[in-house]
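One-letter residues, chain by chain:
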Amino acid sequence: MTDRPPMLKETVATRAAFRAGVKGTRYTENPDPDFDVPVATDNAPGPNETHFETIERLPGLSGPEAAYETGRALRMIGHILDSQSSPIEHGRHFLSQLANAVLTFGLRGERQPWGAEDTAFVFRETFKAPPADAQKAHDAILAYARKRPIVKTR
């Protein structure tokens, strides 16, 4: 027997939160599919962002709040890749690296949930850039991930 608390597990709420984040919708504990529409952005999503929107889950995530931020971080990363005219292969490569990192993190038994900060770190490590550009991308990812979309109420 060990004194360690049980590991956090993925739940339906975690999956729903991740999906809401990656699709750009608001997240509530009781989502309303007729009301939760994607938040409009100034630009149409490019191929990477569109590809990321199709991701249903990211095994290893635990905790709805952190999963929501991870989804939003992934959405911003897609936007950054698209703004640089990166081919979809770059997005797929990043997604593979992210999935490996999240799953390894979960298997190690970490007690805190994987979140936006971790996702931004994987992005920085996957796509090496000059320090100033890397810091700008990191800050943009975190700012977007932690901002809650404002959706008009009924």
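Summary of the structure given here. The shown structure was predicted, so the numbers you read here are calculated from the model rather than taken from an experiment.

Moving on to the packing of helix 3 (residues 64-83) against helix 4 (residues 88-107). Look at helix 3 against helix 4: their axes get within 10 Å of each other, and the N-to-C directions meet at 150 degrees. Regarding the angle of helix 3 to helix 4, the classification is roughly antiparallel. Between helix 3 and helix 4 the crossing geometry is right-handed. Of the residues in helix 4, those touching helix 3 at L74, I77 and L81 are H90, G91, F94, L95 and L98. Grouping the constituent residues of the contact of helix 3 with helix 4 by class yields six nonpolar, two polar and no charged.

Applying the stated rule across the entire model yields four aromatic pairs. Taking 6.4 Å as the distance between ring centres and 35 degrees as the angle between the ring planes, the aromatic pair formed by F94 and F127 counts as tilted. With F94 in helix 4 and F127 in the loop between helix 5 (116-126) and helix 6 (131-146), the pair connects residues that are 33 residues apart, well separated along the chain. On the basis of relative accessibility, which here comes to 23%, the residue F127 falls in the partly exposed class. Ring centres 5.4 Å apart and planes at 55 degrees place the aromatic pair F123 and F127 in the tilted group.

Quick reminder: α-helices carry 3.6 residues per turn. Residues three or four places apart thus point the same way. When we look at burial in helix 5, the residues that qualify are A116, T119, A120, V122, F123 and T126. Across the axial projection of helix 5, the buried residues extend over an arc of 155 degrees, all falling on one side. On its buried face, helix 5 is in contact with helix 3, helix 4 and helix 6.

Definitions and cut-offs
Residues numbered from 1 in each chain as written. Predicted model: local features only at pLDDT ≥ 70, side-chain atom pairs only at ≥ 80, totals over all residues. Heavy atoms only, no water. Axes fitted to C-alpha atoms, helices over the stretch in contact; angles between N-to-C directions. Helix = DSSP H or I, 4+ residues; strand = E, 2+ residues; numbered from the N terminus. Parallel < 35°, antiparallel > 145°, perpendicular 65-115°, else oblique. Left-handed = near helix turned anticlockwise from the far one by under 90°. Contact = heavy atoms within 4.5 Å. Nonpolar A, V, L, I, M, F, W, Y, C, P; charged D, E, K, R; others polar. Phe/Tyr/Trp six-rings, centres within 6.5 Å; stacked < 30°, edge-to-face > 60°. Buried < 20%, exposed > 50% of the residue type's maximum accessible area, 1.4 Å probe, protein only. Arc of directions from axis to C-beta.

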